[in-house]
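Reading the structure
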Amino acid sequence: MAGVRLATWNVNSAKAREPRLLGWLDERAPDVVCLQETKLSDEAFDESFGAPLAERGYAVAHHGEGRWNGVALLSRVGLDDVEEGLPGGPGYPHQEARAVTATCGGLRVTSVYVPNGRDPADPHYAYKLEWLAALRDRVEAAGADSAVVAGDFNIAPADPDVYSVEAFAESTHVTPPEREALAALLKTGLHDVTRERWPDERVFTYWDYRGGAFHQDRGMRIDLVLAGEPVARRRAALWVDRQARKGTGPSDHAPVILDLDEAPDGDIGPVVPPPSLGAKKGGSRKKS
DNA sequence: ATGTCGTCGATCCGACGA
């Protein structure tokens, strides 16, 4: 598979973001996009975006419920074996539209919108932890190697991922159980590619609409791209598209964009190595 | 920055969720 640009973006209503979303796709030209909080039914999403996305070459897997939640995958490198939700996962009380998975360009991609949790004392918080455990089980069962799990995790993995530790005392997003649930997910073999790329930098993906938070960079890093080891090794570039958080009518989240180099052992047919590499050791083709 | 934003119900604002 050739190089792939993968992005994740919580759009906070696809309908409200329609002009910006389409403009952003044209500008950044991602091959695979994980969307969250589309806040549309499948029918409404198709009505608004079916034609413009098809025009741009994207296949679409939307999993929505209407007013709340809603996730989608857009891909122009193939979109197969779609799975909606987390099989056997928890509900609140019904299973919500918070995950959609498909195979795109040899990657098993899941777009996730992890429950917010609201407050550590709220039942929604327990639901959040259960949901994360179900996600972990799902990734483990499917195998992490080709996996990309990207989206709004509603968890800041570590203290540097929030603008102020004090401001989040007693709040969700930073509690040890949430971070442990994320750590358990990573332990299946996933890498936090943003932090690996920017180990010591201040990197946020979400800024509250209130109080000029964006311009003061009072944000959090809660939108994550987690990738299996073989995928993470292909990382060529990774950045937060802060441009998309500026201007009129932005989402409160910025997209995260990951560029992957061509897979070293692609399955796109016979690869004839240049003569200089013809005798490279370990070059035998693995079946897949 | 408890001065925002989006959604919906049944309006021309107030609730709720984030």
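The model shown is predicted, which means the values in this text are computed figures rather than measured ones.

We now examine the overall build of chain A. A count of helices and strands for chain A gives six helices and 14 strands. Viewed in the frame of its principal axes, chain A has a C-alpha envelope of about 60 × 40 × 40 Å. Classification of the 288 residues of chain A by burial places 51% in the buried group. Considering only contacts in chain A between residues 6 or more positions apart, those separated by 24 or more positions represent 70%. Per element, the accessible surface of chain A, about 13300 Å² overall, is 51% carbon and sulfur.

Quick look at the protein's contact with DNA strand B now. Taken together, 14 residues lie near DNA strand B, and Ser 13, Arg 17, Arg 118, Gly 211 and Arg 218 sit nearest. Backbone atoms, meaning sugar and phosphate, make up 71% of the atoms of DNA strand B lying within 4 Å of the protein. Take Arg 17: an N or O atom from its side chain is 3.0 Å from a phosphate oxygen of DNA strand B. In this structure, a sugar or linking oxygen belonging to DNA strand B sits 3.5 Å away from a main-chain N or O atom of Arg 210. Here the surface near DNA strand B is built from residues that sort into four nonpolar, five polar and five charged.

Strand order in the open sheet formed by six strands is β5-β6-β7-β8-β12-β9, and the pairing between neighbours is mixed. Here the strands that pair on one side only, and so sit at the sheet edges, are β5 (80-84) and β9 (190-192). Neighbour-to-neighbour, the strand axes of this sheet turn through a mean angle of 20°, independent of strand direction. With three bridges joining them, β5 and strand β6 (residues 99-104) adopt antiparallel strand pairing. Each residue of the ladder has a partner; that of Glu 84, found in β6, is Val 100.

This part covers the pairing of strand β2 (residues 32-36). The element β2 is largely enclosed, with a buried count of five among its five residues. Burial along β2 is two-sided: Val 32, Cys 34 and Gln 36 and Val 33 and Leu 35, pointing in opposite directions, are all buried. For the segment spanning strand β1 (residues 4-10), helix α1 (residues 18-28) and β2, crossover handedness is right-handed. Bridging between β2 and strand β4 (residues 71-75) involves five bridges; their strand directions are antiparallel. Bridge assignment links Gln 36 to a residue of β4, and that residue is Val 71.

Once that is clear, we can look at the state of the cysteines. Taken as a whole and assessed by the stated rule, the structure comprises zero disulfides. Between Cys 34, a cysteine without a disulfide, and Cys 104, which holds the nearest cysteine sulfur, the sulfur-to-sulfur distance is 7.8 Å.

Before going further, it helps to spend a moment on the nonpolar core. As a rule of thumb, soluble globular proteins bury nonpolar side chains together. Ranked by size, the top nonpolar core spans 33 residues in total, and within it Leu 73, Val 109, Val 148 and Val 225 carry the most contacts. Sequence-distant contacts of Val 109, defined by excluding residues within four places in its chain, comprise Leu 6, Val 32, Cys 34, Leu 73, Val 100, Thr 101, Ala 102, Cys 104 and Val 148. Formed by 21 residues, the second largest nonpolar core is a distinct cluster that contains Val 114, Leu 132, Leu 182 and Leu 226.

The next thing to look at is the UniProt feature "domain: Endonuclease/exonuclease/phosphatase" (unreviewed entry) in chain A. Sequence positions flagged by UniProt for "domain: Endonuclease/exonuclease/phosphatase" (unreviewed entry) are, in local numbering, residues 7-253. Annotated as residues 7-253, this span is 26% helix and 25% strand, and its ends, taken at the C-alpha atoms, are 13 Å apart.

The subject of this paragraph is helix α3 (residues 123-142). Turn by turn, an α-helix covers 3.6 residues, leaving residues three or four places apart pointing in a common direction. Here α3 contains 20 residues, and its C-alpha end-to-end distance of 29 Å stays within 8% of the 28 Å for a straight helix at 1.5 Å per residue. In this structure, the buried side of α3 is in contact with β6, β7 (107-113), β8 (147-152), α4 (176-186) and β9. Capping of α3 at its N-terminal end is provided by Asp 122; its side-chain oxygen lies 2.7 Å from the backbone amide nitrogen of His 124. Just downstream of α3, Gly 143 is the residue with a positive phi angle, here 95°.

Across the seven residues that make up β7, a large majority, six, are buried. Hairpin remark: β6 followed by β7, antiparallel, with two residues in the connecting loop; positive phi at Gly 105, about 55°.

Let's shift gears to the packing of α3 against α4. At a closest axis distance of 9 Å, the pairing of α3 and α4 adopts a crossing angle of 10°. Classed by the angle they form, the pair α3 and α4 counts as roughly parallel. Along the contact surface, α3 presents Tyr 125, Lys 128, Leu 129, Leu 132, Leu 135, Arg 136 and Val 139, while α4 presents Pro 177, Glu 178, Ala 181, Ala 184 and Leu 185. By residue class, the composition of the contact of α3 with α4 is nine nonpolar, no polar and three charged.

It is worth spelling out the side chain of Asn 12 at this point. Relative to the helices and strands, Asn 12 resides in the loop between β1 and α1. Residue classification places Asn 12 among the buried positions, given a relative accessible area of 14%. One polar contact links Asn 12 to Lys 39, side chain to side chain, over a distance of 3.0 Å. Engagement of the side chain of Asn 12 in a polar contact is seen with the side chain of Tyr 209, the distance being 3.1 Å. Not counting residues within four places of it along the chain, the set of residues in contact with Asn 12 comprises Arg 17, Gln 36, Glu 37, Lys 39, Tyr 209, Ser 251 and Asp 252.

Parameters at a glance
- Residues numbered from 1 in each chain as written.
- Chains lettered and ligands numbered in written order.
- Predicted model: local features only at pLDDT ≥ 70, side-chain atom pairs only at ≥ 80, totals over all residues.
- Heavy atoms only, no water.
- Helix = DSSP H or I, 4+ residues; strand = E, 2+ residues; numbered from the N terminus.
- Buried < 20%, exposed > 50% of the residue type's maximum accessible area, 1.4 Å probe, protein only.
- Contact = heavy atoms within 4.5 Å.
- Areas by Shrake-Rupley, 256 points an atom, 1.4 Å probe, with all protein chains shown as cover.
- Near = heavy atom within 4 Å.
- Polar contact = N/O pair within 3.5 Å; in protein donor to acceptor, adjacent residues only side chain to side chain.
- Nonpolar A, V, L, I, M, F, W, Y, C, P; charged D, E, K, R; others polar.
- Pairing = 2+ DSSP bridges.
- Axes fitted to C-alpha atoms, helices over the stretch in contact; angles between N-to-C directions.
- Right-handed = clockwise from strand over helix to strand, strands pointing away.
- Disulfide = S-S within 2.5 Å.
- Core = buried A, V, L, I, M, F, W, Y, C linked by side-chain atoms within 4.5 Å.
- UniProt positions renumbered as here; feature names shortened; annotations may be inferred.
- Expected span 1.5 Å × (residues − 1).
- Parallel < 35°, antiparallel > 145°, perpendicular 65-115°, else oblique.

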